[in-house]
Structures are given as C-alpha cells and as structure tokens.
Amino acid sequence: MYEINKLSKSFGSNQVLRNINARFTTGRIIAILGPSGCGKTTLLRILAGLDTEYSGDIKGFDQRNSFVFQQSRLLPWKSVLENIKIVLEEINPKRVEERAKKALEMVELGGIENSYPSQLSGGMQQRVSIARAFAYPSKLMFLDEPFQSLDFDLKQRLMKLLLPLWTGENYTVFIVTHDVHVAAVLGDTIAIMGASEGNFIQTLQNPVRRGDRLRGLSEEIITLENSIYQLITQ
Amino acid sequence: MKTFITLENKKLIEVAVGILFLLLLWQVISMIAGNNVLFPTPKATIERLLEILKRPNLFNIFFATISRVAIGLFLAFIFASVLGAVIMFVPFIEVLFRPLVSAIKAMPNISIIVQIIVWLGTLRAPSAVSFLVVFPLLYSAVVEGIKNVDPSLLEMANLYKISSKSQLKNIYFPSVISYLAASFGAAVGLAVKMVIAAEYLSHTPTSIGERIYFSRIYFDMPGVMAWTIIAIIAAIVLEVPTKVLTRHFTKWRDES
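Described in the following lines is the structure provided in the data block. Keep in mind that this is a model prediction, so the values were computed, not measured.

The rules we used
- Residues numbered from 1 in each chain as written.
- Chains lettered and ligands numbered in written order.
- Predicted model: local features only at pLDDT ≥ 70, side-chain atom pairs only at ≥ 80, totals over all residues.
- Heavy atoms only, no water.
- Salt bridge = Lys/Arg side-chain N within 4 Å of Asp/Glu carboxyl O.
- Helix = DSSP H or I, 4+ residues; strand = E, 2+ residues; numbered from the N terminus.
- Buried < 20%, exposed > 50% of the residue type's maximum accessible area, 1.4 Å probe, protein only.
- Pairing = 2+ DSSP bridges.
- Axes fitted to C-alpha atoms, helices over the stretch in contact; angles between N-to-C directions.
- Left-handed = near helix turned anticlockwise from the far one by under 90°.
- Contact = heavy atoms within 4.5 Å.
- Nonpolar A, V, L, I, M, F, W, Y, C, P; charged D, E, K, R; others polar.
- Parallel < 35°, antiparallel > 145°, perpendicular 65-115°, else oblique.
- Buried area = accessible area lost by both parts, 1.4 Å probe.
- Polar contact = N/O pair within 3.5 Å; in protein donor to acceptor, adjacent residues only side chain to side chain.
- Phe/Tyr/Trp six-rings, centres within 6.5 Å; stacked < 30°, edge-to-face > 60°.
- Core = buried A, V, L, I, M, F, W, Y, C linked by side-chain atoms within 4.5 Å.

**A closer look at the pattern of salt bridges**
For the coordinates displayed, the defined rule picks out 23 salt bridges over all chains. The closest approach of N and O atoms between K85(A) and E97(A), which form a salt bridge, is 2.8 Å. With K85(A) in helix α2 (residues 80–85) and E97(A) in helix α3 (residues 93–106), this residue pair connects regions lying 12 residues apart in the sequence. Overall, E97(A) belongs to the partly exposed group, its relative accessible area being 33%. The closest approach of N and O atoms between E169(A) and K139(A), which form a salt bridge, is 3.2 Å. Pair noted here: E169(A) is in the loop between α5 (152–168) and β7 (172–177) and K139(A) is in the loop between α4 (122–135) and β6 (140–144), with a separation of 30 residues, a long-range link. Since its relative accessible area comes to 39%, K139(A) is described here as partly exposed. Residues joined in a network through salt bridges with shared partners are R45(A), R73(A) and E155(B).

Structure, rendered in structure tokens:
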C-alpha cells in the first residue's frame, strides 16, 4: 500500500500542492493527469524521492525505484548497453550483461547495444531509457510524460510493450501525462489534478481490463476518455 | 577530375597549397630583404636543415626538448585533475586558488621564465616553465568541465543509486575530458614555445633552445630558421599522442 498524507509543497509564495491525501494499492498503474503547471511532475518527483522539501507524509515510497524522465537522460559518451549496465552495480557482475541485453530485447531494441545515443532517434532513446528502468532491480516505476514528442504510432507501440511488462513483473507504476488517451489506456486508476487546486479533483477506476485496452478503441475507453475530458474542462 | 578529388585528397591538396603559398611568401620577403643574415631564403634554410639532420646528436637534442615539454604537460594534467577532483568535494578550494591561477595567467611569460631559471637552475627550469604556463589552462578546463556537468545526468545517477566512484568515472570524467580536449591542443603549442624560450635564455645543454641561441650569436640565421622548423616538428610530434588520446575519449561525438 502506498499512502500520501496531507502532502503540500510551495515554491516561494506559489503553493503548487495542497494537502493531498490518497492511497494506492501495490501492483496498480496510476495515471496522474492534469493540465500543464498543475503540479503533477512536482508530485511525481516527491514520490520518487527526487524532491525532499515538502510538508506532510508519504509511506511505502521509501524503496528503490526506476524513473523514466521526459528526456531520456542517457550518458552521451556511453553505448546503449553501457547506459543500462551502469545502473546495475548491485547486481551480480556475471548477470549484468545478460540482464541489460534482456531489457533491450523487452523494448525491441536488441541489436543496437553498441550504438551511441546520438545515433538513435528520440523514440529509440526513450525506449533505451525505459529498458534501463526495467533492468534496474525495483518494482516501483515512475514515468514523467514518457511519450512526449513521440508520434501516435510509436506511442501505441510503446504502450503495447509496457502494459504486459508491468503486468508480468507486478510493477506499481505512477505515470504523469497530459494525454487523456495515454491515461485511459495505461491507467488502472486515473487521478485527475485540477489546474489550480494543487490536489486531485477526481479519481476514476478504469473499467476495462488491461489485456483489452489496446484492442482498438473500445466504447468503454471512449466513454472513459469523455468523462476525463469533462472533468478537466469543468 | 571529380573522382580524383576525394575528401582525403582534398585535405592533402589544401595542405600542399598552403605550404606552397607559405614558401612563395617567404621567398618574396627574403628577396625584398636581400640579405641572408637579415632574412634567409627558403633554399638557404633547407640546406642548413639538411646539414642539421645529419648530425649524430640531433636525436638527443630533439628528444630532450620534447621530454621537458612532456614532463611539464603531464605534471600539469595530473595536478589540474587532482585539484579538480578535490574541488568536486570541497568547492571552496576553487575560491582559494582563483587569485593564484589568475595571477599566473596574467603574468608576462618572460617574468615566469626568468624567475624559474633563478629558482631552479638551467636543467629543471624548462620543465617547470612548461608546467607553470600550461597548468592554468588545463585547470580552468577541468573546473569548467566540473561546473558544467549536466545536473540532469547527476539526478538520474542519484535516483539509480549509482555510487560516487562510478559517477566520478562515468559522468564527471567524460564531461571534464570534453573540456580538456579542447584545451590540450593550445596547451601543447604554448608549452613547446615556452620550453624553448626557457632553454634559450638559460642555455640549457642538449636542447633546441640552446641551438637557436648559438645560431643567433654566430649570425647563422638559416640555422635559426632550421631549428625553428625542428621546433615546429617537435610540437607536431607531441600533438599526435594527445590527439589520439582525446579522440579515444571523445569518439562518441564522431559517431553522431
């Protein structure tokens, strides 16, 4: 169980997060949705331990976690494989190479181990970043707008990759997005933040099973997306 | 014609044209001067150079000067790197060293050479001069490299619990090397000039600087020019390993 109790955060006189209270079950995918500037990235960074200046309390998050940033944050002077291996210091050295290669195959990038990030497209770099997150030994993953600047086809392909991987490995996932479709497809729980409330204005449960969400646009997904749109635009 | 001029050929042709132009300019100026003592012709210089190349002790002289430059460069690199590593953990050290480094940078080179000759004597002065003039250049590059390490990469490293040792090796070091690579070329050229100047002023035995000195006092200007060409070759020889090393550490840039 993950708990957020009375979480607040200000940047100077600007209060970004106001008294957030929430509970999330282990093994769920929580999509945090909201307009730009509503504080969703700030919330994510606090939960991931990247920002420790806040008031309130968070429980269950004090563990190893992976993070997929908006930019891939790969070391430009290291090959793709080395970028993944570098986060596996605590793994048995004999298994590091195997684990790193497996992670690359998971995101369908087997064969480019020796390429440098500058030789890859933006989408491929982001996939390497996702592979790194999966290679790292943790069951808690954070993603901050991971599909920003990717085209629709690539986005769909990545979501098709991620859902079964998260399910198979029983990850708890917090994904921040402003994309309603991404939230509706990936999120088991969709937590919507208001533009200025600094808090969740509504939390929806996805009625569609994970396995069925990417089989074309079902009526239920469309209905869910419409509900989300209405809540955001209220 | 087009197929003959490949990219590599084009570079060679450009170098050859540049050298020919230089020789032509040189010839014109020496003809205007009309005096081999004042300004020797390319022919006189090349003849003198060929005589020097036959000398049995040329290799010792050449190697000795290069060694003095290399020792100074190496020590400057080590000191700059160690100090840079300390600054990463104790940033205040950079503040302490700032006035000293600025003073060395601003000091006239001749002041540095004269002082060092007095303190260290003719044999050790050239290497010390090489160290002292190059150290501020490399140190500044190291400090800039450290200051400009991408904070987003450090944040990623901290999130993934990458050890300090690994961060130093895999993030700080490559970042610093990029800055050092840019400075090293200039550092080599500067070090060669300053070492030979120190050798000249202190008459360091078995040195290119000493040979230039004796050529000058005997009004052997073709000799001065010939030894100058040898000094330029020394700088090129030293640049080769530094270029190889920096290319090794920055090969990821060439792959893009």
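**Side note on the sheet that holds strand β4 (residues 55–59) of chain A**
All names here are of chain A. One open sheet accounts for 3 strands, arranged β2-β1-β4; its pairing is antiparallel. On the outer flanks of this sheet lie β2 (14–24) and β4, each paired with one strand and no other. Looking at each pair of strands side by side, their axes are set apart by 20 degrees on average, direction ignored. Both strand β1 (residues 2–11) and β4 contribute to a ladder of 4 bridges, which runs antiparallel.

**Points about the pairing of β1(A)**
Residues and elements named next belong to chain A. The buried fraction of β1 amounts to 7 of the 10 residues, a majority that puts the element mostly inside the structure. Sheet topology places β1 next to β2; 7 bridges connect them, and they run antiparallel. Of the residues in β2, the one forming a bridge with F11 is N14. Connecting β1 to the next strand, β2, in antiparallel fashion are 2 residues, including G12 with a positive phi near 65 degrees.

**Some points on the packing of helix α3 (residues 58–89) of chain B against helix α7 (residues 164–202) of chain B**
For any two helices packed against each other, the geometry is given by the interaxial angle and the distance between the axes. Residue and element names in this part refer to chain B. Where α3 contacts α7, the axes come no closer than 9 Å and their chain directions differ by 145 degrees. The two elements α3 and α7 meet at a crossing, and its hand is right-handed. In contact with T65, R68, V69, L73, F77, M88 and F89 of α3, α7 contributes L168, Y172, L180, F184, A187, V188, A191, V192, V195, I196 and E199. Per-class residue counts for the contact of α3 with α7 are 15 nonpolar, 1 polar and 2 charged.

**Considering the packing of α4(A) against α5(A)**
All names here are of chain A. At a closest axis distance of 12 Å, the pairing of α4 and α5 adopts a crossing angle of 10 degrees. For the element pair α4 / α5, the angle class is roughly parallel. Contacts between α4 and α5 involve G123, R127, I130 and F134 from the former and L154, R157, L158, L162, L165 and W166 from the latter. Broken down by class, the residue content of the contact of α4 with α5 amounts to 7 nonpolar, 1 polar and 2 charged.

**Quick word on the interface of chain A and chain B**
With 23 residues of chain A at the interface, the matching set in chain B holds 18 residues. The junction of chain A with chain B conceals about 2,000 Å² of combined surface from both sides, 64% of it contributed by carbon and sulfur atoms. Summed over the shared surface of chain A and chain B, the number is 2 salt bridges. The salt bridge partner of R45(A) is E155(B), with a shortest N-O separation of 2.5 Å. Across the contact surface, chain A and chain B share 8 residue pairs in polar contact (both at pLDDT 80 or more). Residues that form the side of chain A that touches chain B fall into these classes: 13 nonpolar, 4 polar and 6 charged.

**Considerations on the packing of aromatic side chains**
Tallying each qualifying case throughout the model produces 18 aromatic pairs over all chains. Ring geometry for F24(A) and F174(A): centres 5.4 Å apart, planes at 85 degrees, overall edge-to-face. Within this pair, whereas F24(A) is found in strand β2, its partner F174(A) is found in strand β7, the two being separated by 150 residues in sequence. By the burial criterion, F24(A) is buried, and F174(A) matches it. On the basis of an interplanar angle of 40 degrees and a centroid distance of 6.5 Å, the ring pair of F97(B) and Y139(B) is categorised as tilted. On the criterion of sequence distance, the pair formed by F97(B) in helix α4 (residues 92–106) and Y139(B) in helix α5 (residues 109–147) is long-range, its members being 42 residues apart. Of the residues examined, F97(B) reaches a relative accessible area of 27% and is grouped as partly exposed. The structure contains a cluster of three or more aromatic residues connected by ring pairs, namely Y2(A), F24(A), F61(A), F67(A), F69(A), F142(A) and F174(A).

**Some words on the nonpolar core**
With 154 residues, the main nonpolar core has I4(A), L43(A), W166(A), F174(A) and I208(B) as its most contacted residues. If we skip the residues at most four places from it in the chain, L43(A) touches I4(A), L7(A), L17(A), I20(A), I32(A), M193(A) and F200(A).

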